[in-house]
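Reading the structure
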Amino acid sequence: MDALFILSILSIISLSLSQECPPQLLENVDFPGADIKFEYSPDVQHCQHLCTQHPSCLFFTFLRPDWTVDDRHFHCYLKTTPSGEPDVQTPLVGVTSGYSLKSCNPEPMPCLPNVYQNVDFFGADYRALFTNSYQECQRVCTKDRFCRFFTFINKDFANENIRYKCHLKFSWPIPRTLNVNRKPGVVSGFSHSVQFSQPSDIACSEKLFSNTDFEGSALESQPAGTPEHCLALCSANPQCTYFSFQSNSLTCQLKNDPNQVVMKSQEGVTSGIATHFCQQDANWVKTALEEVDFYGSDIRFELMDDVETCEKTCSIDQNCQFYTYLNENFSDSSYRRHCYLKRVTTMPAPPKVTKLDNVVSGFTKRNCI
Ligand SMILES: *[C@@H]1O[C@H](CO)[C@@H](O)[C@H](O)[C@H]1NC(C)=O
């Protein structure tokens, strides 16, 4: 194929993308009110991706590091209105506002190449080591399959004993269903396009221990529909060694004891061990769960005749990760035939971002290749 032809196709694609995309960032402009919530972001590009990945965010206002009114630096306010547009725009120094990129074919895992001097990504640590430079810390983070972002302590940091320390940090890279309940007339499932396991040539030899509890307190609990979803969550978390899934309450208990596993027979509990360098079988992703509601995290709903159409609609929508369909047996007839398309944030997201002298923070560069 000749280069000119490819070039002209590329320019048509980029033209059509830019036409769908919302206008650019507005510096020193506030979109007051209409808040859903705030999350922390180190810069306005990250904030825009957070808005894009939030199910209902349509526009946002970011409080930059040079914001002087109070100490709400790095606050990324996610916003929405029924019209999709901010009702008001006002001038305000120290903030940048903009729009969600949901309509522009967004990358599920955007490249976040910037590093941030004198900025701490506080919390979410799972491992620490010493490196000679922040660049080396970022390389370690990029090579470590769990690392999503890092904070490196500089040579001039006040506490001498932790200079050159490199903190590797984690946030969830795979979709979590934040509320899972049993409900008649409801069917839920996942987009067939979402990856739950790292790609690998080697298939995992999976073993689930039915009617068995792996004893010990949980590092954390996550709602989940099946033991296989629980296995995917455990395998994606650097601290999870094994798990127990309670089928009555639909909860996935992630455990982190690397020294022992005490197995006990228990009805209704399925347990298993985290997988590491192999690919989990993805058949469970394609199985719809009868009488299970993945409540909340709605992008939007559409009316349709069956759950198969709902699943297909979710699978071809880049923003959709999972769905819930209300069929003819749902108690309230006015909600029957509703297909709810859903998602949660899976890009790297530090739980807190603050100013701190002589540290450097940044993200994994594995999504930049
Ligand atoms: C509704 O309930 C009936 C009776 O339990 C069942 O036979 C039918 O398959 C259900 N419909 C759907 C769409 O699940």
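Residues numbered from 1 in each chain as written. Predicted model: local features only at pLDDT ≥ 70, side-chain atom pairs only at ≥ 80, totals over all residues. Heavy atoms only, no water.

On to the layout of surface pockets, then. Looking at the largest pocket, its volume works out to about 910 Å³. Met109, Pro173, Ile174, Gln195 and Phe196 are, among the 40 residues lining the largest pocket, the residues nearest its centre. Listed by contribution, the elements that provide at least two residues to the lining of the largest pocket are helix 2 (44-53) and helix 4 (227-236). When residues in the lining of the largest pocket are grouped by element, the largest group, three residues, is from helix 4. A breakdown of the residues in the lining of the largest pocket according to their chemical character gives 16 nonpolar, 18 polar and six charged. Each of two domains, domain 2 (115-172 + 348-368) and domain 3 (180-342), supplies a minimum of three residues to the lining of the largest pocket. Of all the elements, strand 2 (residues 35-40) adds the most residues to the lining of the second largest pocket, at four residues. Across the lining of the second largest pocket, the residue classes tally to twelve nonpolar, five polar and five charged. (1 Å grid on protein atoms, 1.4 Å probe; cavity = no way out; pocket = protein on both sides within 12 Å on 5 of 7 lines; lining within 4 Å. Points joined across faces, edges and corners; volume = space filled by probe spheres on them. Helix = DSSP H or I, 4+ residues; strand = E, 2+ residues; numbered from the N terminus. Nonpolar A, V, L, I, M, F, W, Y, C, P; charged D, E, K, R; others polar. Domains from an automatic or database assignment.)

Turning our attention to the pattern of salt bridges. On inspection of all chains with the given rule, the structure shows 13 salt bridges. Aspartate 144 is the salt-bridge partner of arginine 127, the closest N and O atoms lying 3.6 Å from each other. Within this pair, whereas arginine 127 is found in strand 7 (residues 125-130), its partner aspartate 144 is found in the loop between helix 3 (134-143) and strand 8 (149-153), the two being separated by 17 residues in sequence. Overall, aspartate 144 belongs to the buried group, its relative accessible area being 13%. For glutamate 215, the salt bridge is made with lysine 264, and the minimal N-O distance between the two is 3.7 Å. (Salt bridge = Lys/Arg side-chain N within 4 Å of Asp/Glu carboxyl O. Buried < 20%, exposed > 50% of the residue type's maximum accessible area, 1.4 Å probe, protein only.)

Moving on, we get to the domain arrangement of the chain. Taken as a whole, the chain is organised into domain 1 (19-104), domain 2 (115-172 + 348-368) and domain 3 (180-342). Between the C-alpha centres of domain 2 and domain 3 the distance comes to 31 Å. Listed as interface residues are seven residues of domain 2 and, on the opposing side, 13 residues of domain 3. Counting the surface lost from both domain 2 and domain 3, the interface buries some 820 Å², and carbon and sulfur atoms represent 58% of this. For the domain 2 face of the interface with domain 3, the top three residues by lost area are Arg145, Phe146 and Trp172, together amounting to 74%. The interface formed by domain 2 and domain 3 holds zero salt bridges in total. At the boundary of domain 2 and domain 3, one finds one residue pair in polar contact (both at pLDDT 80 or more). Across the side of domain 2 that touches domain 3, the residue classes tally to four nonpolar, no polar and three charged. (Contact = heavy atoms within 4.5 Å. Buried area = accessible area lost by both parts, 1.4 Å probe. Polar contact = N/O pair within 3.5 Å; in protein donor to acceptor, adjacent residues only side chain to side chain.)

Around the ligand, the neighbouring residues are Asn327, Glu328 and Asn329. The side chain of glutamate 328 places a nitrogen or oxygen atom 3.4 Å from a nitrogen atom of the ligand. The fraction of the free accessible surface of the ligand (360 Å²) that becomes covered by protein chains is 33%. (Near = heavy atom within 4 Å. Areas by Shrake-Rupley, 256 points an atom, 1.4 Å probe, with all protein chains shown as cover.)

The strand order 1-5-3-4-2 describes an open sheet built from five strands, whose pairing is antiparallel. The outermost strands of the open sheet, each flanked by one partner alone, are strand 1 (26-30) and strand 2. Within this sheet the neighbouring strands show an average axis-to-axis angle of 40°, counted without direction. In terms of strand pairing, strand 2 meets strand 4 (residues 75-79) through five bridges, oriented antiparallel. (Pairing = 2+ DSSP bridges. Axes fitted to C-alpha atoms, helices over the stretch in contact; angles between N-to-C directions.)

A complete count under the given rule lists ten disulfides for this structure. One disulfide bridge connects cysteine 137 with cysteine 166, the sulfur atoms lying 2.1 Å from each other. An S-S torsion of about 80° defines the bridge between cysteine 137 and cysteine 166 as right-handed. Here cysteine 137 is found in helix 3, whereas its partner cysteine 166 is found in strand 9 (residues 165-169), with 29 residues between them in sequence. With a relative accessible area of 0%, cysteine 137 lands in the buried category. At a sulfur-sulfur separation of 2.1 Å, the disulfide partner of cysteine 234 is cysteine 240. Handedness of the cysteine 234-cysteine 240 disulfide follows from its S-S torsion of about -95°: it is left-handed. The class of cysteine 234 is buried, set by a relative accessible area of 0%. (Disulfide = S-S within 2.5 Å.)

Attention now moves to the sheet that holds strand 8. Spatially, 6-22-8-9-7 is the arrangement adopted by the five strands of the open sheet, whose pairing is antiparallel. Of all the strands in the sheet, the pair left with one neighbour each is strand 6 (115-122) and strand 7. Strand-to-strand, the axes of this sheet are offset by a mean angle of 40°, without reference to chain direction. Sheet topology note: the strand 8/strand 22 (residues 352-363) ladder contains five bridges and is antiparallel.

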